[in-house]
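For reference, the chains in residue letters:
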Amino acid sequence: GEMHEIDYDFSMLIPPFAGVGLEAFDKDGKDITDKLFAPNKFLKVDADYTPRPFEEWSAADWPKTYQNPSYKNLFAVGIAFAPPHLISKPMSSPNGTPINPTPPRTGMPSAAMGKTVAKSIRDMIDGASEPTHEASMSEMGAACVVSTGSHIFKGSAATMTVYPVVPDYDKYPEYGRDLSLTFGEIGLAGHWMKYILHHAFIYQAKMKPGWTVMPD
Ligand SMILES: Cc1cc2nc3c(=O)[nH]c(=O)nc-3n(C[C@H](O)[C@H](O)[C@H](O)COP(=O)(O)OP(=O)(O)OC[C@H]3O[C@@H](n4cnc5c(N)ncnc54)[C@H](O)[C@@H]3O)c2cc1C
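Residues numbered from 1 in each chain as written. Predicted model: local features only at pLDDT ≥ 70, side-chain atom pairs only at ≥ 80, totals over all residues. Heavy atoms only, no water.

**Some details on the packing of aromatic side chains**
Across all of its chains, the model carries three aromatic pairs by this definition. Aromatic side chains Phe 17 and Phe 42 sit 5.6 Å apart centroid to centroid with 50° between the ring planes, which places their arrangement in the tilted category. Here Phe 17, found in the segment before helix H1 (33-36), pairs with Phe 42, found in the loop between H1 and strand S1 (91-92); they are 25 residues apart in sequence, far enough to count as distant. Ring centres 5.2 Å apart and planes at 75° place the aromatic pair Phe 54 and Trp 57 in the edge-to-face group. For Phe 54, a relative accessible area of 25% puts it in the partly exposed group. Directly above the ring of Phe 42 sits Arg 105, whose terminal nitrogen or CZ lies 4.8 Å from the centroid. Cation over ring: Arg 105 sits above Phe 81, and NZ or CZ is 4.9 Å from the ring centre. (Phe/Tyr/Trp six-rings, centres within 6.5 Å; stacked < 30°, edge-to-face > 60°. Helix = DSSP H or I, 4+ residues; strand = E, 2+ residues; numbered from the N terminus. Buried < 20%, exposed > 50% of the residue type's maximum accessible area, 1.4 Å probe, protein only. Lys NZ or Arg CZ within 6 Å of the ring centre and 35° of its normal.)

Written out as structure tokens, the structure is:
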């Protein structure tokens, strides 16, 4: 609740988190935006959107196939899908600023969802009537490496893993997460790891020889 000032070199302004605001119409021209999109403009998928208090939130609320319930040929992954609710208890600072941790649909979970949905769509094109693959954020882990200095010997990076991304208080009653798979560390090794990953990702993105056999 106190006000401070801090010097900085770079900053990032983060806008309110919302979808792009697409409008949808059926074949008769009727506006079906509310049917397809949640109020925050993200596409509705196979999540349980029943409004409930924090105490009743469950890992099972989270989508698995990312298929829209009304239109079976519509899917939304990564940033685009509407989460059922926040991932941790809504809080506010002493001066009233809301602190609402939004679900982190960062690179790794987004890629896992994308791959899962791509496989389901492939199988549906081949005749499956329903999505064949699942990737719930309450069952997947994620890793993140944040650069905190780029020098090859004096640089550092913070390396974090979290499992599962969405806390599951039924499986892990204390914190909702498996603490043997949830940790963070800062140091030079993290920077080297980020450096190697950076070049590996760009190699894969350019589809150079052997890119398909490299691990994601
Ligand atoms: C500054 C910044 C730093 C980040 N750092 C990290 C990090 O270190 N690690 C990490 O894991 N995550 C990081 N993230 C988050 C990560 O980049 C995103 O969570 C992730 O890219 C989301 O993937 P996505 O596929 O859902 O969306 P996007 O990657 O945003 O992909 C959406 C794509 O859709 C395209 N598109 C939009 N509209 C249309 C349209 N009408 N028609 C066709 N195409 C369209 C866009 O051009 C874009 O390519 C960072 C994000 C930001 C902004």
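**Quick look at the environment of Ile 186**
Structurally, Ile 186 can be placed in strand S5 (residues 183-187). In this structure the C-alpha to C-alpha distance between Ile 186 and Thr 148, which are 38 residues apart in sequence, comes to 8.6 Å. Beyond its immediate chain neighbours, meaning those up to four positions away, Ile 186 contacts Thr 148, Ala 157 and Ala 158. (Contact = heavy atoms within 4.5 Å.)

**With respect to the nonpolar core**
Within the largest apolar cluster, 20 residues are counted, with the highest numbers of intra-cluster contacts made by Leu 36, Trp 62, Tyr 66, Phe 81, Met 113, Met 137 and Met 140. Three or more residues apiece are contributed to this core by two domains, here domain 1 (1-139) and domain 2 (141-216). Met 137 has contacts with Trp 62, Pro 63, Tyr 66, Phe 81, Pro 103, Pro 104, Arg 105, Met 113, Pro 164, Val 165 and Val 166, leaving out every residue within four places of it along the chain. (Core = buried A, V, L, I, M, F, W, Y, C linked by side-chain atoms within 4.5 Å. Domains from an automatic or database assignment.)

**With respect to the domain arrangement of the chain**
Segmenting the chain into domains produces domain 1 (1-139) and domain 2 (141-216). Once you take the C-alpha centre of each, domain 1 and domain 2 turn out to be 22 Å apart. The partner domain 2 presents eleven residues to the ten residues of domain 1 that form the contact. Interface area for domain 1 against domain 2, summed over the two sides, is near 960 Å², with a carbon-plus-sulfur share of 63%. Contact with domain 2 buries area across many residues of domain 1, yet Ile 87, Met 108 and Glu 139 alone supply 40% of it, more than any other trio. (Buried area = accessible area lost by both parts, 1.4 Å probe.)

**Observations regarding the site of the ligand**
Around the ligand sit Met 12, Val 77, Gly 78, Ile 79, Arg 105, Thr 106, Gly 107, Met 108 and Ser 110, and that is every residue in its neighbourhood. Take Arg 105: an N or O atom from its main chain is 2.6 Å from an oxygen atom of the ligand. Across the complex, the protein chains shield 27% of the 1000 Å² of accessible surface that the ligand would expose by itself. Taken together, the residues of the shell around the ligand sort by class into four nonpolar, four polar and one charged. (Near = heavy atom within 4 Å. Polar contact = N/O pair within 3.5 Å; in protein donor to acceptor, adjacent residues only side chain to side chain. Areas by Shrake-Rupley, 256 points an atom, 1.4 Å probe, with all protein chains shown as cover. Nonpolar A, V, L, I, M, F, W, Y, C, P; charged D, E, K, R; others polar.)

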